[in-house]
Amino acid sequence: MKTRTRLHGLLACGATLAMAVSLTACGGNGSGGSSNDGKIHVLVYGDASNKVEKQIVETFNKTSDVKAVLDTIPGADYQQKLQTIISTPQAPDVFFNWGGGSIQPFVKADLLMPLDDFIAKDPNLKDKFLPSVFNSAVVNGKSYGIPMRGTQPVLLFHNKNVLDKAGVQPPKTWDDLLAAVKTLKKKNVTPIALGGGDQWPTLMWFEYLYDRIAGPELFQKALEGDKDAWASADSKKALGQIKELVDAGAFGTNYDSVKYTNGASPALVASGKAAFELMGSWYYSQQQTDAKEFAAKGLGYTTFPTVPGGKGDPANVVGNTNNFYSVLKKTKHPEAVAQFLKLMYSDEFVKAQMSIGNLPTTTNVPKFLTTSASPEYSRFQYDLVAAAPSFQLSWDQAYPPAASTPMHQAVQQFFNGQLDADGFIKAMQALPTE
Amino acid sequence: MTLMTTQTTSAPTAAETPKKVRRRPEGSSAVLVGRPGFVWALPATLFFALFAIAPLIMVAVLSFMSWNGLGSPQWVGTDNWNRILDDPVMINSIWLTLLLTALGVAIQTPLSIVLGVWAAGHQRNRAVLSAIYFIPLLLSSTAVSVLWRALLDPNFGIPARATWLFGDGNLFGKQATAIGVLAFVSTWQFTPFHTLIYQGAARAIPDVLYQAAEIDGAGRYRQFFHITLPQLRNSMITSMILMIVGGLTTFETVLILTQGGPGTDTTISAYYMYQKAFKSFDFGAGSAIALCLVVAATIISLIVVRVSGYDKMRSDMEGVS
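Residues numbered from 1 in each chain as written. Chains lettered and ligands numbered in written order. Predicted model: local features only at pLDDT ≥ 70, side-chain atom pairs only at ≥ 80, totals over all residues.

Colleague: Quick question: what am I supposed to make of the overall build of chain A here?
Modeller: What chain A contains, in helices and strands, is 21 helices and 13 strands. The C-alpha atoms of chain A give 25 Å as radius of gyration, which agrees with the globular expectation for 434 residues (22 Å, within 12%). Projected onto its principal axes, the C-alpha coordinates of chain A cover approximately 90 × 60 × 45 Å. Split into buried and exposed, the 434 residues of chain A put 49% on the buried side. (Helix = DSSP H or I, 4+ residues; strand = E, 2+ residues; numbered from the N terminus. Rg over C-alpha atoms; globule rule 2.2 N^0.38 Å. Buried ≥ 20, exposed ≤ 12 C-beta atoms within 10 Å, placed from the backbone.)

Colleague: Explain the domain arrangement of chain A here, please?
Modeller: Size of an interface: often given as the accessible area lost when the parts come together. Residues and elements named next belong to chain A. Splitting chain A by domain gives domain 1 (40-150 + 321-386) and domain 2 (152-319 + 399-429). One C-alpha centre belongs to domain 1, the other to domain 2; they are set 29 Å apart. Tallying the contact residues gives 12 residues for domain 1 and 10 residues for domain 2. Listing elements by their share of the side of domain 1 that touches domain 2, those giving two or more residues are α4 (104-108) and α18 (375-387). (Domains from an automatic or database assignment. Contact = placed C-beta atoms within 7 Å.)

Colleague: Sorry if this is basic, but what is going on with helix α9 (residues 141-151) of chain B here?
Modeller: Every α-helix winds through 3.6 residues per turn, so residues three or four apart in the chain are directed the same way. Residue and element names in this part refer to chain B. Those residues of α9 that sit buried are Val144, Ser145, Trp148 and Arg149. Buried residues in α9, looked at end-on, bunch into an arc of 130°, giving them a common side. In this structure, α9 carries Thr142 and Leu151 as exposed residues pointing more than 90 degrees from its buried face. On its buried side, α9 packs onto α8 (135-138), α12 (175-203) and α16 (252-257). (Arc of directions from axis to C-beta.)

Colleague: How should the interface of chain A and chain B be read in this particular structure?
Modeller: Each partner contributes to the interface: chain A provides 37 residues, whereas chain B provides 32 residues. For the side of chain A that touches chain B, the secondary structure elements donating two or more residues are α1 (2-27), α3 (78-85), α13 (264-270) and α20 (404-415) of chain A. Among the elements that line the side of chain A that touches chain B, the one with the most residues is α1 of chain A, at 8 residues.

Colleague: Just checking my understanding: could you explain the packing of α12 of chain B against helix α15 (residues 233-248) of chain B for this structure?
Modeller: Between two packed helices, both the angle of their axes relative to each other and the distance between the axes serve to describe the pair. Residues and elements named next belong to chain B. One can describe the packing of α12 onto α15 by two numbers: an axis separation of 10 Å at closest approach and a directional angle of 165°. For the element pair α12 / α15, the angle class is roughly antiparallel. Handedness of the α12/α15 crossing: right-handed. Of α15, the residues touching α12 (which contributes Phe190, His194, Ile197, Tyr198 and Ala201) are Ser235, Thr238, Ser239, Met243 and Gly246. The residue makeup of the contact of α12 with α15, split by class, is 5 nonpolar, 5 polar and no charged. (Axes fitted to C-alpha atoms, helices over the stretch in contact; angles between N-to-C directions. Parallel < 35°, antiparallel > 145°, perpendicular 65-115°, else oblique. Left-handed = near helix turned anticlockwise from the far one by under 90°. Nonpolar A, V, L, I, M, F, W, Y, C, P; charged D, E, K, R; others polar.)

Put into structure tokens, the structure is as follows:
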């Protein structure tokens, strides 16, 4: 009797163990893939742009002995999952990133391969790209990324009809903007739509004003760990001007309850309830999807106004410079990877990107601008980026990922008055820079 | 439940013996299998150990380490704990968590008791209405939060139509209203579930009690307060513990509705843990917060069980059958 009971117990035990083992076995083989199968694994952010990445991988595989495999991680989870697999055997050979701070922890952990050797063999890997864009994936003086999608500078968009009705011209200077705010308020229009609930749209105002007033050097210094940069006179001046704009009622009163990501702030501009919105260049296609007629007839765009007396070049832009491919040090096929990266400045790549509405940042883009879905808009952006002495990567991506949340909180709190200038400066000084 | 546990120790009564025989006709196997032993619980125990105990221990270990997900974790002693206990956002998040939990219990309990008792009636209109009312229960918290974020948009949602009530509609821009929205949305979402608990419990109350009360001349309100409510006591504790544990671990609602904002005004502990671990990749601090939550939830649940006498398993059916 006793032995039989024990047998039952053993069986139950065994079954449970088997279940547990099969469960863990399942977990081991997710996306990402291992690089021991004689192929190079290319990991990208999963979205509509994957169409082009697939095409490029196919082109590569036609001629290469070492085949490439495209793995994707869908949307919002990308950075988290990448962080989890990058130091494991499942890590890819080549992966998508945002340059700047998004790869800094990996550089620090000595996981990435500097691409300077590749560039020495094929200088085109650097020279074929716009320098202001290429530089945002340079960490500690070494190149770690090759641009692989489209550029997304931040522009000031407006509703033409609303400006016409109010008799306002798109602002060229900061004073123009302040005057426009006054006039528009009198017409009961929210002068500037802001998706403050998402926090990062608020940050864009800081990025531009700091660049216009202090030049890109201030932020660069702060990023390198010089905390005093935030307490400088220029920093305080920029904060003063932001405050002036907020206090003038430029954003209305309920911007923190409005989001960009659920389409609410673009709808404000499209419906004529607000006049301006500062947003990345993807705004155009967003409006084409949400409000087709408005995008075709009523949507205007300009560069950010100049600020009189500012040290920054008025031609500077801020935003997402581009996405990049970076290479892991442990890749077994560096030669094949170098060949793969060369495709990122090929005519085929440029044409394919333009066909889905992305604007690549290679020097051969002007040849194909007429093939773009909206040639005028593409040319405007390309000329802007090509002529920009500095293209400041969005602050939350230039800093390491750990800084992003406290940075977002600080800009929101400065806008709604919970933090004054000194409080904001302290918050920025407390951000981790490495 | 009371019966089950006492049965095994005391001598079987006359009524139970034939039942046992009916269930297991072959005497030998009845003796072999016997009453549920440890082996029966083994699969569940292993499962629990693998997916609850093991992660819990790992989290505890990780809270004494510094790890950003890359490379191997480093021992840092109590560094994470010191940082967290000195962090004003963390301290604030505990108060916010307790406040939201308390609000949830205070609003949802009376609402779901009233609704549950009402829905316990067998009238057809009640059945139809309660079926409609249970719909939020079928939606995921994420869907519910996305829905309410859109409905509460200040320019295109309800607040734009009811400016007399909402003013400029800046519900997510101020702490008090943002907390209000969070409490409201979880109430909207979870009250149906607790209503279901009370509906079932109210239907289980024997009719004889009400019949006796009626004979004694008790009106509807006296019946409610002197029969229904006392009879619902155990369900109330079950529902409250679920609410408290649910409240302490609320996460998606905050993630989608407020993202902890404005500033850190609605950053509750569970959300702060997510921010630390998965946004800032500070897994050490995240684990320390997680452990705080586990300890807090356990203590609060134990207190509720003790204070309410739930642990004594006193039946609320005494003297009824």
